[in-house]
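Structure at a glance
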Amino acid sequence: MKADILTIFPGFFQGPLDHGITRRACEMGLAKIKVHDLREFTHDKHRTVDDRPFGGGEGMVLKPEPLFECLESLGVASRQDRIEDRILGRAKQSVILLSAQGQRFSQKVASELAALDRIVLICGRYEGVDERVADFLADRELSIGDYVLSGGEMAAAVVIEAVTRLLPGALGNEASARQESFTSQTEVKTVDGADSTCGSGGLLDYPHYTRPAEFCGMNVPEVLLSGNHEEIRRWRHQRALEKTLRNRPDLLEGVQLSDEDNKILARIKRDQR
Ligand code: SAH
């Protein structure tokens, strides 16, 4: 997958792209990430990328010209084609504006993006970006959460990290992506393209423990040391249900629960009272 990041602070990405799985995905050739400095697409002495807002008000706004010119230089498909392809379920590219006003980024969106050939991420700054970028250049606006950041760079780094780790082959152990929080059974593809059958089912991940088995009087749950795989599987599923009920009950509405699950949840709720 190719990823292009458009920003006025290209240096920001030296850290986030140079570590862990993102770095490895690049080294393995699974991801090709390029950072573009918007000031390179200005034509005045001061390399101006922002201007005052029409209609008055606080702060500055990112100008449209450097963004349109930079995107033009990348040779991506036209906005019309990108939108049409997405409607027809054959999207290959997406140009995304990071924005607090965007649709919420999620694991589902991350896996949608991981299936594309190319994503372009536009980072705003100041009071935001001239709205013509959202209306005529980007094909979608994404927000990483209900809070306001000072720039889109941190958000772009979040999107890049969540997406690159889903690229087939990026994780050392393929199974670890399948078991994770939010991952439904159909969202994960393995290296050979087969659908995984063991997602967390939309629940949060189960708790993990490692050595030592006893640490300052705190013990690892006995069942994990038992070697009984069926019991361990059942215990993990129960803990995942418990944790989801406690921390994110909203997620349970989107999860297919078995009769056994409903019994477990009823028991946990009863015990909580
Ligand atoms: N005036 C805007 C905030 C601008 S913040 C508003 O109230 O909605 C400057 C830039 O930071 C934005 O253009 C966007 O690119 C980025 N940004 C801020 N919050 C974000 C969020 N939650 N998700 C993604 N990008 C965000």
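Structure shown above.
Residues numbered from 1 in each chain as written. Predicted model: local features only at pLDDT ≥ 70, side-chain atom pairs only at ≥ 80, totals over all residues. Heavy atoms only, no water.

Digging into the overall build of the protein
Worth spelling out the cut-off: Put simply, DSSP H or I for four residues or longer makes a helix, DSSP E for two residues or longer makes a strand, and each gets a number counted from the N terminus. Only protein chains enter the accessibility calculation, which uses a 1.4 Å probe; a residue whose area is less than 20% of its type maximum is buried, one above 50% is exposed, and one in between is partly exposed. Contacts: residue pairs with any heavy atoms within 4.5 Å of one another. His is not counted, nor are the chain ends, whereas Lys and Arg count as positive and Asp and Glu as negative. Where a charge sits is defined by one atom per residue type, namely NZ (Lys), CZ (Arg), CG (Asp) or CD (Glu).
In terms of helices and strands, the protein carries 9 helices and 9 strands. Its C-alpha atoms put the protein at 70 × 45 × 45 Å along the principal axes. Considering the protein as a whole, with its 273 residues, one finds that 41% of them fall into the buried category. Long-range contacts, defined as pairs at least 24 residues apart, comprise 69% of the intrachain contacts of the protein with a sequence gap of at least 6. Between the centroid of the 37 positive side chains of the protein and the centroid of its 43 negative side chains there is a distance of 3 Å.

Notes on the site of the ligand
What counts is decided by this rule: In these notes, residues near a molecule or strand are those with any non-hydrogen atom within 4 Å of it. Under this definition, polar contacts are N or O atom pairs within 3.5 Å; protein pairs additionally need one hydrogen-donor-capable and one acceptor-capable atom, and for neighbouring residues in sequence, both atoms have to be side-chain atoms. Three residue categories are used. Nonpolar comprises Ala, Val, Leu, Ile, Met, Phe, Trp, Tyr, Cys and Pro, charged comprises Asp, Glu, Lys and Arg, and polar comprises the others, including Gly.
Taken together, the neighbourhood of the ligand is formed by 20 residues, with Leu-98, Gln-101, Gly-124, Glu-127 and Tyr-147 sitting nearest. Contacts to the ligand include Leu-149, whose backbone N or O atom sits 3.0 Å from a nitrogen atom. Contacts to the ligand include Gly-151, whose backbone N or O atom sits 3.3 Å from an oxygen atom. For the shell around the ligand, the elements supplying multiple residues, two or more each, are β5 (93–104) and β7 (140–143). With 4 residues, β5 is the single largest residue contributor to the shell around the ligand. The residue makeup of the shell around the ligand, split by class, is 9 nonpolar, 9 polar and 2 charged.

A look at a nonpolar patch on the surface
Rule in force here: Each patch is built from salt-bridge-free residues with over 30% relative accessible area, joining like charges within 9 Å and nonpolar side chains (Val, Leu, Ile, Met, Phe, Trp, Tyr) within 5 Å. Using a 1.4 Å probe, accessible areas were evaluated by the Shrake-Rupley method; residue-level cover was limited to the displayed protein chains. Every case where a carboxyl oxygen of Asp or Glu lies within 4 Å of a side-chain nitrogen of Lys or Arg is listed as a salt bridge.
Together, Tyr-147, Leu-149 and Met-154 make up a nonpolar patch on the protein surface, roughly 300 Å² of accessible area in all. Since its relative accessible area comes to 37%, Leu-149 is described here as partly exposed.

A few points about the side chain of Glu-180
On the secondary structure map, Glu-180 appears in the loop between α7 (174–178) and β8 (214–215). Here the side chain of Glu-180 touches Arg-165 through a polar contact of 2.9 Å, side chain to side chain.

What to know about the environment of Gly-254
For Gly-254, the location among the structural elements is in the loop between α8 (229–247) and α9 (259–272). Residues Gly-254 and Ser-184, 70 residues apart in the sequence, show an inter-C-alpha distance of 9.9 Å.

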